[in-house]
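# Survey of secondary and tertiary structure
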Amino acid sequence: QVQLVESGGGLVQAGGSLRLSCAASVSKFSINGMGWYRQAPGKQRDMVAVITSGGITKYADSVKGRFTISRDYAKNTLYLQMNSLKPEDTAVYYCAAAVLGAGDYWGQGTQVTVSS
């Protein structure tokens, strides 16, 4: 059973920062890549940032220069450092992992609300 548990969401004022964490229960050697996605009310779920097993990162244009994705292999944890937050960043943020031979898994989501 693969479990992804997110934490770190909350309410912050525009211009503020938050750091999201995602702890994975599966062996780090089984994870091909991980990423953060977000879904605002009434909108589709979109990619925010992804990182491959080799450490290559990709960001949505809307968060480039403000968000940083990283992975602690020793702790088997994924992070998303979010700086200069904007009201349009308000959404439920989901952690995802591509597990070798098992498919894609999602966390339960964590709410991020940015007030203007």
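Just so it is clear, the structure is predicted and the values come from calculations on it, not from any experiment. (Residues numbered from 1 in each chain as written. Predicted model: local features only at pLDDT ≥ 70, side-chain atom pairs only at ≥ 80, totals over all residues. Heavy atoms only, no water.)

## Section: the state of the cysteines
Should the sulfur atoms of two cysteines be covalently bonded, the bond is a disulfide. Short version of the rule: What counts as a disulfide here is a pair of cysteine sulfur atoms lying within 2.5 Å. Secondary structure counts use DSSP, requiring at least four H or I residues in a row for a helix and at least two E residues in a row for a strand, with both numbered from the N terminus. Accessibility here uses a 1.4 Å probe with only protein chains present; expressed as a share of the type maximum, an area under 20% marks a residue as buried, one over 50% as exposed, and anything in between as partly exposed.
Per the counting criterion, the structure on display carries one disulfide. Two residues, Cys22 and Cys95, share a disulfide whose sulfurs are 2.0 Å apart. Disulfide Cys22-Cys95: the torsion about the S-S bond is -75 degrees, which places it as left-handed. Here the residue Cys22 occupies a position in strand E3 (residues 18-24), and Cys95 occupies one in strand E9 (residues 91-99), the gap between them amounting to 73 residues. Under the relative-accessibility criterion, Cys22 is labelled buried at 0%.

## Some remarks on the pairing of strand E10 (residues 103-106)
Operational definition: Two strands form a pair only when DSSP identifies at least two bridges running between them.
Here E9 pairs with E10 via four bridges, running antiparallel. Across the sheet, residue Val99 finds its bridge partner in E10, namely Gly103.

## Points about the sheet that holds strand E1 (residues 4-7)
For clarity, the cut-off: Interaxial angle, 0 to 180 degrees, is taken between N-to-C directions of lines fitted to C-alpha atoms, where a helix line uses only the stretch in contact.
Taking strand neighbours across the sheet as the criterion, the four strands line up as E1-E3-E8-E7 in an open arrangement whose pairing is antiparallel. Edge positions in the sheet fall to E1 and strand E7 (67-72), since each has one partner strand and no second. Sheet twist, expressed as the mean angle between neighbouring strand axes with direction ignored, is 15 degrees. Inspection of the sheet shows E7 paired to strand E8 (residues 77-82) by six bridges, in the antiparallel sense. Bridge pairing in E8 places Thr68 opposite Gln81.

## As for the layout of surface pockets
Rule in force here: In the cavity and pocket records, a cavity denotes points on a 1 Å grid over the protein atoms alone where a 1.4 Å probe fits but cannot get out, a pocket denotes an open set with protein on both sides within 12 Å along at least 5 of 7 lines, and lining residues are residues with an atom within 4 Å of a point. Grid points are joined across faces, edges and corners, and a volume is the space filled by probe spheres set on the points. In this classification, Asp, Glu, Lys and Arg are treated as charged, Ala, Val, Leu, Ile, Met, Phe, Trp, Tyr, Cys and Pro as nonpolar, and every other residue, Gly included, as polar.
Reported here for the largest pocket is a volume of approximately 220 Å³. Arg38, Lys43, Asp46, Ser62 and Glu88 are the residues nearest the centre of the largest pocket, which is lined by 15 residues in total. For the lining of the largest pocket, the element with the highest residue contribution is strand E5 (residues 46-52), accounting for three residues. For the lining of the largest pocket, the per-class residue count stands at six nonpolar, four polar and five charged.

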